[in-house]
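# Tertiary structure, described
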Amino acid sequence: MEKLKAISVRSEKPVMSKAIIVSGGKKPSRSLFERLYKEDTYLIAVDKGAEFFRDEKIVPNLLVGDFDSISKETLSFFKDKTVVKTYDEEKDFTDTEAALHEAVLLGVEEIDFLGCTGSRLDHFVGNLALLDQCLEKGVKAYMYDDHNKIFLLRSPGVIERGFGRYISFQGFRGSVKGFGVKGVKYPLWNYELKFGDPRTISNEFIQDKLSVTFTEGTLLVFMTED
């Protein structure tokens, strides 16, 4: 079984400051991609995620995967146009995790994950864990589709309005202790927030910025719209 090699050397000066990883889940819209893209962005297609790039006539910098879901036509189309890295189908990591690994090796400071939501909820849960891996490596990370922006916080901070109408909070891998939020329609203070708690679903901004506080844990944040 193929294993993902540990990252021992990370680029001191990033080739590009940001990466966008497009996986094979729910395909993002062109408008969402353009909203996130900037000139120094490194583009990674993950297996079937390459279909998005082909449809939009964009050549990614790298194509990775075991290629069990990409069409033969799309794989052939990109073979002579970009770098292709192939993994075994039997491995102890996902294709999206391999893409994260490649981005971290480049030394990027931020990663946007697209195509990581959709019908495969098992993959979605695994992709949430990749956000946590990014935090461990000191990389900012966000997961997007056209209705959701998802990220993790390990310390109190300020969140700016800018994506979606609603904002929801959950504990990630355990309780978030001493949780509080203000600048929202339903403020809360000194609350022990656990995963699955419905009390913190579908809050709304009442200011351009809100603040969250907590004393322990990792906070899972959803900014959403219908």
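Values in this document were obtained by computation on a predicted structure and should not be read as measured data. (Residues numbered from 1 in each chain as written. Predicted model: local features only at pLDDT ≥ 70, side-chain atom pairs only at ≥ 80, totals over all residues. Heavy atoms only, no water.)

Each strand in a sheet pairs with its neighbour through backbone hydrogen bonds, running either in the same direction (parallel) or in the opposite one (antiparallel). Within the open sheet, the 10 strands sit side by side as β4-β3-β2-β1-β5-β6-β7-β14-β9-β12. Their pairing is mixed. Looking at which strands have only one partner, the edges of the open sheet turn out to be β4 (83-86) and β12 (203-204). Inspection of the sheet shows strand β1 (residues 18-22) paired to strand β5 (residues 110-114) by 5 bridges, in the parallel sense. Among the inter-strand pairings, Lys 18 is bridged to a residue of β5, identified as Glu 110. (Pairing = 2+ DSSP bridges. Helix = DSSP H or I, 4+ residues; strand = E, 2+ residues; numbered from the N terminus.)

This brings us to the nonpolar core. Membership of the largest hydrophobic core comes to 38 residues, with the highest contact counts inside it found for Phe 53, Ile 159, Phe 169, Phe 179, Leu 210 and Leu 219. Once you skip the residues sitting within four places of it in the chain, Ile 159 turns out to touch Phe 151, Leu 153, Ile 167, Phe 169, Phe 205, Asp 208, Lys 209, Leu 210, Val 212, Val 221 and Met 223. Residues Ile 44, Met 143, Phe 172 and Leu 220 belong to the second largest nonpolar core, which totals 33 residues. (Core = buried A, V, L, I, M, F, W, Y, C linked by side-chain atoms within 4.5 Å. Buried < 20%, exposed > 50% of the residue type's maximum accessible area, 1.4 Å probe, protein only. Contact = heavy atoms within 4.5 Å.)

The phi dihedral of Asp 47 falls on the positive side, at around 45°, and the residue is not glycine. Of note in this structure, Phe 67 is not a glycine but carries a positive phi near 60°. By secondary structure assignment, the location of Phe 67 is in the loop between β3 (62-65) and α3 (72-79). Residue class for Phe 67 comes out buried when judged on its relative accessible area of 15%.

What follows is about α3. For α3, every residue scored as buried is listed here: Thr 74, Leu 75 and Phe 78. Considered in projection along α3, the buried side chains sweep an arc of 100° and stay on one side of the axis. α3 presents Lys 72, Glu 73 and Lys 79 as exposed residues on the side facing more than 90 degrees away from its buried surface. Looking at the buried positions of α3, the neighbouring elements they touch are α2 (50-55), β3 and β4. (Arc of directions from axis to C-beta.)

We now examine the pairing of strand β14 (residues 219-224). Burial of β14 is extensive: 6 of the 6 residues sit out of reach of the surface. Residues Leu 219, Val 221 and Met 223 line one face of β14 and the alternating positions Leu 220, Phe 222 and Thr 224 line the opposite face, and both faces are buried. Pairing of strand β9 (residues 166-171) with β14, which is carried by 6 bridges, proceeds in the antiparallel orientation. Along β14, the bridge assignment pairs Gln 170 with Leu 220.

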